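Okay, here's what each chain looks like letter by letter:
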Amino acid sequence: MTIDDPARPDTAEAPAPPPRPAPRGALRALRPLLLRLHFTAGLLVAPFLLVAALSGLLYALSFQAEKIVYAHELEVPVGDTVLPLDRQIGIAREANPDGTVTAVWPGAEPGATTRVLMADPDAPEGTSLAVFVDPYTGEVRGQLPSYGSGGALPLRTWIDGLHRDLHLGEPGRIYSELAASWLWVLVLGGLVLWFARRRTKRRALLLPEGGPRSRRRTLSWHGSVGLWAALGLLLLSATGLTWSRYAGENIGTLQDGLGGATPTLSAGATAGAGGEHAGHGAGHQPPAGTPRGADIGVDRAVAAARAAGLDSAWLAVTLPAEGSGYVVKETDKQFPVELDSVALDPADGTVLDRLRFAEYPLLAQLTRIGIDAHTGVFLGLANQLALALLALALVLMTVWGYRMWWLRRPRRPVGRGAWRKVPVTLLLPLAAVVALIGWFLPLLGVSLLLLLAAELVLTLVARARTGRTTVS
């Protein structure tokens, strides 16, 4: 179903290598089926991928937009002396006496405000109220809802909800899970088809070809950009599935079974800390009660954490709840990551528990880094630019895919009934593997069954029409 490139004599270049021979064996038998699956699934799933890509592009840009929109709350002139954290917390309490302080995030850089997080009845569900305090003067710069362990503010929170579930709640999550479930299938299938395609010049594998507007040129751009973006798209698909409603449960069970569960502090409060899924849905939880007895205060707790080895400038301090101590966590997710944490006795600052990121199981480390990369915080600005480029690439490939379909629409549908051409010895093992994957990724399995049912109906209709034409 591909169009071979015409020979182009060019005396200034070495003779072109001979055309790649047609694929043989299993690949030759599977190619029509792959082509049909890539075409049909791409045509039907592309709208979900397009929405996910566009909203993902907005999310990648939201980090920098947040700094502009909320510059008044986030940035202050650098002063000479920093007020104690306990004093800043007191100022936040005075500004919002109805709130209960759950955590405090000291400014990590000169000129950054201190963020005091509160459980507040007026804050939206699943969020804390963040009071921004000038660490030099004590001025309250503003109050905003804060969401998740990354402290997303209203703009990024709204875009995140759009990307995750279209602001439709649980039903809306089906769209994003369907997109993530099919993305890796389309990418891998596209790679196989792209490498198996005949071409006269090796550079055509990596670089798009020019020439007059045609389906061949569109295919060249579609395949070349897909090749360069393939690894990133596969990672986005894999990490995106960890937040999904159905596949996410299976992935979590598998990860726990392989010993890759993320460890936790034995004496830690969860407010403001968040687990590995905090960036997409985990909000700050208020403490169960207020601590009783002696309390060393936040400043001494931070000093004790520093003495225990937490040397990152990026810290999040969770205040004690009933039956638990201070929890101080490093939150620097840029490479090399600093994510160690300690739990401290509020009476004297004794270390109750310590958790080093280096001690996480390897699978838990990879999960943490993968999710942070998906949410654009692993490498900061570079990570966000990479996400934006991947999202843009996916948008362009979707548009090019529809253009190719439009250009060839009068012809017979691509590869209809191709599964009948696959040898039984290959088809049965393939069906078993697909069934297993469909069970593990339920929305992929259900949607694939619907595609197969539609394929069968269309085949039967085509046969009936052919029979009537023959009789006539």
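The rules behind each value
Residues numbered from 1 in each chain as written. Predicted model: local features only at pLDDT ≥ 70, side-chain atom pairs only at ≥ 80, totals over all residues. Heavy atoms only, no water. Helix = DSSP H or I, 4+ residues; strand = E, 2+ residues; numbered from the N terminus. Buried < 20%, exposed > 50% of the residue type's maximum accessible area, 1.4 Å probe, protein only. Contact = heavy atoms within 4.5 Å. Areas by Shrake-Rupley, 256 points an atom, 1.4 Å probe, with all protein chains shown as cover. Expected span 1.5 Å × (residues − 1). Pairing = 2+ DSSP bridges. Axes fitted to C-alpha atoms, helices over the stretch in contact; angles between N-to-C directions. UniProt positions renumbered as here; feature names shortened; annotations may be inferred. Bend = angle between axes of the 7 residues up to and from the residue. pLDDT = per-residue confidence, 0-100.

In the nomenclature of an unreviewed UniProt entry, the protein is known as Peptidase of Streptomyces hydrogenans.

A. Representation of the overall build of the protein. Per the secondary structure count, the protein includes 13 helices and 8 strands. The buried share among the 472 residues of the protein stands at 46%. Long-range contacts, defined as pairs at least 24 residues apart, comprise 65% of the intrachain contacts of the protein with a sequence gap of at least 6. When the accessible surface of the protein is summed, it comes to about 24200 Å², and 64% of that surface belongs to carbon and sulfur atoms.

B. Seen up close, helix H4 (residues 154–165). The end-to-end C-alpha separation of H4 is 16 Å, in line with the 16 Å expected for 12 residues at 1.5 Å each. By the burial criterion, the buried members of H4 are Arg156, Ile159, Asp160, Gly161, His163, Arg164 and Asp165. Following H4 by one or two positions, Leu166 has its phi on the positive side, about 60°.

C. Representation of the sheet that holds strand S4 (residues 140–146) in the model. With antiparallel pairing, the 8 strands of this open sheet are ordered in space as S4-S3-S2-S1-S5-S6-S7-S8. Pairing within the sheet leaves two strands with one partner each, and these edge strands are S4 and strand S8 (351–355). On average, adjacent strands in this sheet sit at an angle of 20° to one another, irrespective of strand direction. Pairing of strand S1 (residues 100–105) with strand S5 (residues 315–318) involves 2 bridges; the strand directions are antiparallel. Bridge pairing in S5 places Ala103 opposite Thr318.

D. Main features of the UniProt feature "transmembrane region" (unreviewed entry) in the protein. UniProt records the feature "transmembrane region" (unreviewed entry) for residues 37–61, 174–196, 225–244, 385–402, 422–441 and 447–464 in the present numbering. Annotated as residues 225–244, this span is 85% helix and 0% strand, and its ends, taken at the C-alpha atoms, are 27 Å apart. Helix makes up 85% of residues 422–441 and strand 0%, and the two end C-alpha atoms of the span are 24 Å apart.

E. Molecular detail of helix H7 (residues 215–241). Over its 27 residues, H7 extends only 33 Å from the first C-alpha to the last, a length that falls short of the 39 Å expected when each residue adds 1.5 Å. The sharpest bend along H7 comes to roughly 55°, located at Ala229.

F. Region of the structure containing the confidence of the model for the protein. Mean pLDDT over the protein stands at 84; residues scoring 70 or higher make up 85%. For the stretch residues 1–23, pLDDT sits under 50, and the model shows 34 contacts to residues farther than four places along the chain or on other chains. Below pLDDT 50 for its whole length, residues 268–291 participates in 62 contacts with residues either more than four positions away or in separate chains.

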